[in-house]
Amino acid sequence: MLVRYLQVALLVRIASEGARVALVVLAVDRTRSTGYGGALSAALLVPSVLAAPLAGALADRVRRRRLFHVGGLVFYGTGLGAVALLVGRVPAPAALLVASAAGCCTPLLTGGLTSLLSDLLPPTALSRGFSLDAVSYNLAGMAGPALASGLAVSTGPDRALVLLGAGAVVGGLLVFALPLGPRTGGSRALRPADLGAAAVLLVRDPPLRSLTWASGVGQLGIGALPVISVLLAAHYRTPWAAGGLMTALALGSLTGSLAYAWRPWGSRRPERTVIGMLCATGVALALVPCADNVAVAAGGFALAGCCTGPLFAALLAGRDRYAPPAVRTQVFTLGAGIKSTFAAGGAALAGCWQSPGSGSLVLAAAGCQVAAAVLGACLLRGQKETKAKCPPSTTKARR
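In this report, we go over the structure that sits alongside the text.

## Description of the packing of aromatic side chains
- Throughout the structure, instances matching the rule amount to two aromatic pairs.
- Arranged with centres 6.4 Å apart and planes meeting at 75°, the rings of tryptophan 213 and phenylalanine 342 form a pair that is edge-to-face. Here phenylalanine 342 lies in helix α14 (residues 328-352) and tryptophan 213 lies in helix α10 (residues 206-236), a separation of 129 residues in the sequence.
- A relative accessible area of 28% places tryptophan 213 in the partly exposed class.
- Look at phenylalanine 342 and you get partly exposed, because its relative accessible area is 22%.
- Just above the ring of tryptophan 262 sits the side chain of arginine 263; from NZ or CZ to the centre is 4.8 Å.

Set out below in structure tokens:
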């Protein structure tokens with residue numbers, strides 16, 4: 001069953017990662033405007049953060065879950081194909097509107113899919129399942145942009161975007177092969193208060209708030225790394241390092257995720273694994289300014305990536321462990337949206353604050369990881385009392 005799930009996850013997430021590149025290439029090809037391409041990419045991403053609470057709340061309450069997820073993923077893929085036909089041929093606002101509509105389904109590609117794992121796998125296989133799900137994110141992050149670039153060169157940017165959308169549609173249809181039964185007891189009407197249910201948990205529940213805000217603050221530093229890698233490439237006078245350092249980070253994250261999937265640890269207290277890996281990531285990044293050549297710097301990025309792999313897998317496992325069944329999907333989608341927001345903020349801050357130099361920025365990114373770990377430990381206060389009132393092992397209770 002895990003293999004079927006991973007087929008769905010890889011298809012739709014590769015399409016999502018590749019679309020960000022294909023949209024920019026398409027806009028430049030047809031309109032010669034990189035600004036339009038950036039606007040299209042933003043139109044696809046920004047609504048995902050805003051729509052996360054609603055998408056998660058609907059997924060938690062709809063009775064025919066399989067049909068709901070199929071519809072969302074197919075709509076996303078169809079939207080990409082429609083944008084490919086509209087860009088440069090209709091007024092820009094119309095194409096941006098279609099891209100925004102497709103972007104509203106993005107939470108179902110990320111946290112929405114991940115939240116299904118506890119219904120598809122036995123409790124003993126969940127740790128490995130979340131680790132391999134983290135691997136799917138890593139593979140999509142590497143393969144999506146490369147595939148989009150290759151398809152754009154070989155078939156044209158419009159066909160590249162259509163093919164990526166077709167991949168998302170196929171992935172959505174494969175959800176029919178997953179054994180997701182109808183929700184027992186029927187669906188409950190969505191109320192305005194339901195949209196804030198997960199947000200309240202992420203503030204009041206000690207383990208969930210620790211996982212959410214610690215990983216978010218850590219993303220401030222991780223989101224800045226693409227900008228930092230460009231500065232490091234200039235510092236070492238090595239142009240390939242601008243992308244090479246990020247590739248080293250991605251390969252390290254893939255390695256760490258696979259290692260954690262092979263032998264997971266800390267499954268009883270995933271929040272502690274997240275805190276420990278945040279510290280380790282900070283230490284690895286702090287070594288980069290000491291490197292006297294780009295190869296050693298790449299090693300530091302790869303080592304940091306090895307720590308982020310288990311961190312992400314433990315984060316997913318923690319969300320599942322501590323989120324009540326009634327708002328589980330919403331916790332996943334909202335948590336993913338918060339992480340994306342922090343990452344975008346980190347990239348923006350690094351872009352505006354380049355005067356201290358690459359070394360100082362790397363240390364700042366490392367400091368974000370340590371600060372996030374400290375914050376996570378502080379936010380765990382009151383966990384014992386919470387566990388006494390409501391055991392966190394909701395997965396076993398559900399099953």
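There's plenty left to go through after this.
## Considerations on the pattern of salt bridges
- As enumerated under the stated definition, the model contains six salt bridges in all.
- The partner of aspartate 133 in a salt bridge is arginine 13, and the shortest N-O contact between them spans 2.7 Å. With aspartate 133 in helix α7 (residues 126-155) and arginine 13 in helix α1 (residues 2-31), this pair connects stretches of sequence that are 120 residues apart.
- A residue is classified by how much of its surface remains accessible, and aspartate 133, at 0% relative accessible area, is buried.
- Between arginine 328 and aspartate 119 there is a salt bridge, with the nearest N and O atoms lying 2.5 Å from each other. Placement of the pair is arginine 328 in helix α14 and aspartate 119 in helix α6 (residues 117-120), with a sequence separation of 209 residues.
- Among the residues examined, aspartate 119 registers a relative accessible area of 27% and is labelled partly exposed.
- Among the charged side chains, a network of salt bridges with common partners joins Arg65, Asp119 and Arg328.

## Points about the nonpolar core
- Membership of the largest hydrophobic core comes to 76 residues, with the highest contact counts inside it found for Tyr5, Leu40, Leu73, Tyr76, Leu113, Leu161 and Val331.
- If near-sequence neighbours (up to four positions away) are discounted, leucine 40 is found in contact with Leu23, Ala27, Val83, Val87, Ala95, Leu96 and Ala99.
- If you look at the next biggest cluster of nonpolar residues, it comprises 25 residues, including Leu232, Ala248, Ala298 and Phe301.

## Observations regarding helix α9 (residues 197-204)
- Burial in α9 covers these residues: Ala198, Leu201 and Leu202. Relative to the axis of α9, the buried residues are bounded by an arc of 95° and lie together on one face. Turned more than 90 degrees away from the buried face of α9, the exposed residues are Val203 and Arg204.
- Turning to α9, the residues buried within the fold contact α10 and α14.

## Here's the deal with unusual backbone geometry
- Positive phi, normally seen in glycine, also occurs at arginine 32, with a value near 60°.
- Relative to the elements of secondary structure, arginine 32 occurs in the loop between α1 and α2 (34-61).
- Of note, the phi angle at arginine 237 is positive, near 55°, even though the residue is not glycine.
- Tracing the chain through its elements places arginine 237 in the loop between α10 and α11 (241-262).

## Regarding the side chain of threonine 329
- Checked against the element boundaries, threonine 329 lands in helix α14.
- By relative accessible area, which is 5% here, threonine 329 ends up buried.
- Look past the residues within four positions of threonine 329 in its chain and what remains in contact with it is Gly56, Ala59, Asp60, Gly112 and Ser115.

## Brief notes about the environment of glycine 357
- Structurally, glycine 357 can be placed in the loop between α14 and α15 (358-379).
- According to the relative accessible area criterion, glycine 357 is partly exposed, its value standing at 22%.

## Let's talk about α10
- Compared with the 45 Å implied by 1.5 Å per residue over 31 residues, the 44 Å span of α10 between its first and last C-alpha is a close match.
- The largest bend in α10 comes to about 40°, at leucine 225, with the proline proline 226 one to four residues further on.
- For α10, the N-terminal capping position is held by aspartate 205, with its side-chain oxygen 3.1 Å away from the main-chain nitrogen of leucine 208.

## A look at the packing of helix α3 (residues 65-86) against helix α5 (residues 106-114)
- Across the interface, α3 lies against α5 with an axial gap of 8 Å and an inter-helix angle of 135°. Between α3 and α5, the interaxial angle falls into the category oblique. Residues Phe68, His69, Gly72, Leu73 and Tyr76 of α3 lie in contact with α5, whose contacting residues are Thr106, Leu108, Leu109, Gly112 and Leu113.
- Taken together, the residues of the contact of α3 with α5 break down into six nonpolar, four polar and no charged.

Cut-offs and rules
- Residues numbered from 1 in each chain as written.
- Predicted model: local features only at pLDDT ≥ 70, side-chain atom pairs only at ≥ 80, totals over all residues.
- Heavy atoms only, no water.
- Phe/Tyr/Trp six-rings, centres within 6.5 Å; stacked < 30°, edge-to-face > 60°.
- Helix = DSSP H or I, 4+ residues; strand = E, 2+ residues; numbered from the N terminus.
- Buried < 20%, exposed > 50% of the residue type's maximum accessible area, 1.4 Å probe, protein only.
- Lys NZ or Arg CZ within 6 Å of the ring centre and 35° of its normal.
- Salt bridge = Lys/Arg side-chain N within 4 Å of Asp/Glu carboxyl O.
- Core = buried A, V, L, I, M, F, W, Y, C linked by side-chain atoms within 4.5 Å.
- Contact = heavy atoms within 4.5 Å.
- Arc of directions from axis to C-beta.
- Expected span 1.5 Å × (residues − 1).
- Bend = angle between axes of the 7 residues up to and from the residue.
- Polar contact = N/O pair within 3.5 Å; in protein donor to acceptor, adjacent residues only side chain to side chain.
- Axes fitted to C-alpha atoms, helices over the stretch in contact; angles between N-to-C directions.
- Parallel < 35°, antiparallel > 145°, perpendicular 65-115°, else oblique.
- Nonpolar A, V, L, I, M, F, W, Y, C, P; charged D, E, K, R; others polar.

Everything listed is a geometric property; what it means functionally is a separate question.
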